[in-house]
Amino acid sequence: QFQLVQSGGGLVQAGGSLKIACTADGSILKTGFGWFRQAPGKEREGIACISGSGITKDYGDSVKGRFTISRDDAKNTVYLQMDFLKTEGTAAYYCAAGVLLVRQCKLSEPHYGSWGQGTQVTVSS
C-alpha cells in the first residue's frame, strides 16, 4: 500500500488546461495507477489509467482525446494533463494505485488499494 499525495488543481476557465500530480511515498515501479473524479451529486467515475509498465493506457469516454495520463517512475509520480476542460469537469479528482496492474489498467475502483486525498478542480464558464 502507498501513501499518495496529490498536488495541483484549482480554478480554470472552460477550454483551459490544468495538470495534477500524484506522488507516492515509495517506488511505483510495476504499479498501475488510475485517476477518478466525483462531481457533486454524482458517483465517482474512472477517467484515466496507466499500467505499471506504462505501456497500457485507457480513458473514459468523457475525457478521451482531451486528457493524458503519464508517469515518471524516477519521481514516484503520476500526472493527469487535462486540456480543453469543460464545466462538467468540475469535480474532486482522486488518484489511486493498484499493485496488481502491471501489464493492464482498469477504470474501476476495486482494482485499487491506495487512494490520494483528492484535489478540487473547478471549471468556470
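These numbers were taken from a predicted model, which means no experiment stands behind them. Residue numbers here run from 1 along each chain, matching the order of that chain's written sequence. Where local features are concerned, this predicted model is filtered to residues with pLDDT of at least 70; where side-chain atom pairs are given and counted, the filter is 80 or more; whole-chain, interface and lining totals use all residues. Hydrogens and waters are ignored; side-chain quantities use all the structure's heavy atoms.

K.L.:
An account of the side chain of arginine 66 is requested, with residue identities and associated values reported.
P.N.:
Relative to the elements of secondary structure, arginine 66 occurs in the loop between strand 6 (57–59) and strand 7 (67–72). Whenever two N or O atoms come within 3.5 Å, that pair is a polar contact, provided that in protein one can donate a hydrogen and the other can accept it, and provided that, for residues adjacent in sequence, both atoms are side-chain atoms. Among the polar contacts listed, one links the side chain of arginine 66 to the backbone oxygen of serine 62, at a separation of 2.6 Å. Note on contacts: a residue pair qualifies if any of its non-hydrogen atoms lie within 4.5 Å across the two residues. Beyond its immediate sequence surroundings of up to four residues, arginine 66 is in contact with Gln81, Met82, Asp83, Phe84, Leu85 and Lys86. Strands are runs of DSSP state E lasting at least two residues, helices are runs of H or I lasting at least four, and both sets are numbered from the N terminus onward.

K.L.:
Describe the pattern of salt bridges, listing the residues and the values that go with them.
P.N.:
Put simply, a salt bridge is a Lys or Arg side-chain nitrogen that is within 4 Å of an Asp or Glu carboxyl oxygen. Scanning all chains against the criterion turns up four salt bridges. Notably, a salt bridge pairs aspartate 73 with arginine 71, separated by 2.8 Å at the nearest N-O pair.

K.L.:
Any details on the nonpolar core? Residues and values, ideally.
P.N.:
Within the largest apolar cluster, 28 residues are counted, with the highest numbers of intra-cluster contacts made by Leu4, Trp35, Phe67, Ile69, Leu80, Met82 and Tyr93. Those elements giving two or more residues to this core turn out to be strand 3 (18–24), strand 4 (32–38), strand 5 (45–50), strand 7, strand 8 (77–82), strand 9 (91–98) and strand 11 (119–124). If near-sequence neighbours (up to four positions away) are discounted, phenylalanine 67 is found in contact with Arg37, Ile47, Tyr59, Leu80, Gln81, Met82, Asp83, Leu85 and Tyr93. To define a nonpolar core, start from buried Ala, Val, Leu, Ile, Met, Phe, Trp, Tyr and Cys residues and group those joined through side-chain atoms within 4.5 Å. Type-normalised accessible area, obtained with a 1.4 Å probe on protein chains alone, sets the label of each residue: buried when under 20%, exposed when over 50%, and partly exposed for intermediate values. Residues Cys49, Ala96, Cys105 and Tyr112 belong to the second largest nonpolar core, which totals six residues.

K.L.:
Account for the state of the cysteines, with residues named and values stated.
P.N.:
When the sulfur atoms of two cysteines come within 2.5 Å, that pair is taken as a disulfide. All told, the structure shown has two disulfides when counted by the stated rule. Between the sulfur of cysteine 22 and that of cysteine 95 lies a disulfide, 2.1 Å long from S to S. Note on the cysteine 22 and cysteine 95 pair: the S-S dihedral is about 65°, so by sign convention the disulfide is right-handed. Of this pair, cysteine 22 sits in strand 3 while cysteine 95 sits in strand 9, and the two are 73 residues apart along the sequence. Side by side, cysteine 22 and cysteine 95 carry an identical accessibility label, which is buried. Here cysteine 49 is linked by a disulfide to cysteine 105, with a sulfur-sulfur distance of 2.2 Å. Here the disulfide of cysteine 49 and cysteine 105 is right-handed, its torsion about the S-S bond being about 50°. A residue pair is termed long-range when its members are at least 10 positions apart, and cysteine 49 in strand 5 and cysteine 105 in the loop between strand 9 and strand 10 (114–115) qualify at 56 residues.

Honestly, it's all geometry; don't read function into it.
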